[in-house]
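# Fold and contact review
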Amino acid sequence: MYPDEPVVAVASLFTPALYVKDVTNVNHVLNVNFNSFSHRGFEVNEGDQLADNVLFMNDRSALDFVEYLKQRPELLKKDTFQTLNIFCSAAIGASVFDLCVGLINKGMLKDHDTGLEIQPTEEILAAQAFFFFVAGVEPTATAMFGILVELGRNPEQLRRLHEEIDNSFEKHDKMTYDIVNEMEYLDMVYNEALRMHPPIGNLLRQCNKDTVLPVGNVRVDAGTKIFLPIYDIHHDPKIYPDPEVFNPERFSPENSKNINSNAFMPFGEGKRLCIGIRYATLQAKSGLVHLLRNFAVKTHVGQGGIKYYKQNVQVKPTNVDVQLIPRDLRKNA
C-alpha cells in the first residue's frame, strides 16, 4: 500500500511509528542524521550482561561439513535449511571458542586510541558468544539457503558458478580468504540472492531527538519508532527492474557501481552496520564453495510458491526445499 509515499504512519502498540522506504530518507536515518536515530528501538534489561553486548551498546569447518554430508546421504534430500544451521553453528562455535581462549590468554584489553580498558571476564565473553550465535547462526544459514534456492532453479547460473569454483580448485591446492574473495561470479550470485532473500526483513530505529526527514519534509518527534523495510526496498521495481527475477548481472563490477548503498543492505547499513558482516560473508561463501564443489542443487517449491515465515526481524523462506545431488568430479578432471 502507498508505494509512492516516502513515509507512511503505522501503529506499534502505543508508540507512534513511521514506515520509511524512500532511500534518501533511509540514508538520513542511518547516516546523515545518525545522532537523532542512534537508538535501536528496543531496551535491554538493566544488569543483563548477556544482552548488554556489542549488538546493543572457515575453511576447516566447510571441509568437515562436506564430509558430514557424504557420510549421511539421508540429509541430501530434505531439510536443507536445518543442515545449513548445523554448519553455521559448528563454524561459529569453533570460532567463538578460539576467540575466547585467545582473549583470556591476553588478559587486560586496551584500546590504544581511547585508553579504554576491559577485563575479559566470563560474563563479557559469554555476552560476546551469545551475540555471535544470535546474530550469526540463523541469519547466515538463511542467506546460504536463499542462495541455494535460486541456484537450484536457475541451472545456467549454477553451471557458471560450478565452472568458476572448479577452475579455482584446479589452480590452487586449497581455498584461502583471498581466493574466495577473488571469485567474481560467486560474489554476484551471493549479492543477488541476498537481494531477493535478505536474512533481515527490516531495520528498527527510534528517534531520540526531534528532527525532519528531507523527502516529504516529515517531522519526526523524539520517541517515534522508524521501520526501514529491507525486503520491500530490495523488491522495489523502480530500483530493481523485474525484482522477482534472479539476475546476478545486476551485481557485476560494472553494474554494481550504479546501486545506491541504501537500496542494498541485507545485513544493515550505516554506522550500526553489522560488525560481523565480513565474517558472515566469508563463512557463507566458504561453505558454498566447498558445498558446490561436491554437490549440484535442485529446488523443490511447494504448491502456492515460496512463502516466508512471519517473524519480527528475520525473513526465512518456507514452502521450499533444496536437494543436494553428489557431483562426479572425475568428469571435470
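Everything below is about the structure shown above.
Let me sum up the structure you'll find in this document. As the structure is a prediction and not an experimental result, all values here were calculated from the model.

### Overview of the overall build of the protein chain
Along its length, the protein chain carries 10 helices and 12 strands. Considering the protein chain as a whole, with its 333 residues, one finds that 46% of them fall into the buried category. Summing over all exposed atoms, the protein chain offers an accessible surface of approximately 17600 Å²; the carbon and sulfur share of this is 53%.

### Thoughts on the side chain of Asn-262
Counting through the fold element by element, Asn-262 comes out in the loop between helix H9 (253–256) and helix H10 (277–294). Looking at Asn-262, its side chain comes within polar contact range of the side chain of Asn-27, at 3.2 Å. In this view, Asn-262 contacts Val-23, Val-26, Asn-27, Leu-30, Asn-31, Ile-233 and Glu-269; residues no more than four positions away in its chain are not counted.

### With respect to helix H1 (residues 23–32)
Within H1, burial applies to Val-23, Asn-25, Val-26, His-28, Val-29 and Leu-30. Its side-chain oxygen at 2.9 Å from the backbone nitrogen of Thr-24, Asp-22 defines the N-terminal cap of H1.

### Topic: the pattern of salt bridges
In total, this model carries 13 salt bridges according to the counting rule given. The closest approach of N and O atoms between Glu-249 and Arg-160, which form a salt bridge, is 2.9 Å. Placement of the pair is Glu-249 in the loop between helix H8 (230–234) and H9 and Arg-160 in helix H5 (residues 155–171), with a sequence separation of 89 residues. By relative accessible area, Arg-160 is classed as partly exposed at 34%. Residue Asp-166 pairs with Arg-293 through a salt bridge whose shortest N-O separation is 2.9 Å. Taken together, the residues Asp-166 in helix H5 and Arg-293 in helix H10 connect sequence positions 127 residues apart. Look at the salt bridges and you will find they share partners, linking Glu-156, Arg-159 and Glu-163 into a network.

### Let's talk about the packing of aromatic side chains
This model, assessed by the stated rule, comprises 4 aromatic pairs. Each ring, one from Tyr-231 and one from Tyr-308, has its centre 5.4 Å from the other, and the planes form 70°; the classification is edge-to-face. Of this pair, Tyr-231 sits in helix H8 while Tyr-308 sits in strand E10 (residues 307–308); the two residues are 77 residues apart in sequence, bridging distant segments of the chain.

### Notes on the nonpolar core
Counting residues in each nonpolar core, the largest one holds 49 residues, and the members touching the most others are Leu-69, Leu-148, Leu-151, Leu-161, Leu-292, Val-297 and Leu-324. Looking at this core element by element, the count peaks at 9 residues for helix H4 (residues 122–152). With near-sequence residues (within four places) excluded, Leu-161 lies in contact with Leu-151, Tyr-185, Leu-186, Val-189 and Leu-292. If you look at the next biggest cluster of nonpolar residues, it comprises 22 residues, including Val-26, Val-29, Leu-213 and Phe-251.

Cut-offs and rules
Residues numbered from 1 in each chain as written. Predicted model: local features only at pLDDT ≥ 70, side-chain atom pairs only at ≥ 80, totals over all residues. Heavy atoms only, no water. Helix = DSSP H or I, 4+ residues; strand = E, 2+ residues; numbered from the N terminus. Buried < 20%, exposed > 50% of the residue type's maximum accessible area, 1.4 Å probe, protein only. Areas by Shrake-Rupley, 256 points an atom, 1.4 Å probe, with all protein chains shown as cover. Polar contact = N/O pair within 3.5 Å; in protein donor to acceptor, adjacent residues only side chain to side chain. Contact = heavy atoms within 4.5 Å. Salt bridge = Lys/Arg side-chain N within 4 Å of Asp/Glu carboxyl O. Phe/Tyr/Trp six-rings, centres within 6.5 Å; stacked < 30°, edge-to-face > 60°. Core = buried A, V, L, I, M, F, W, Y, C linked by side-chain atoms within 4.5 Å.

Remember that the coordinates give geometry; whether it matters functionally is a separate question.
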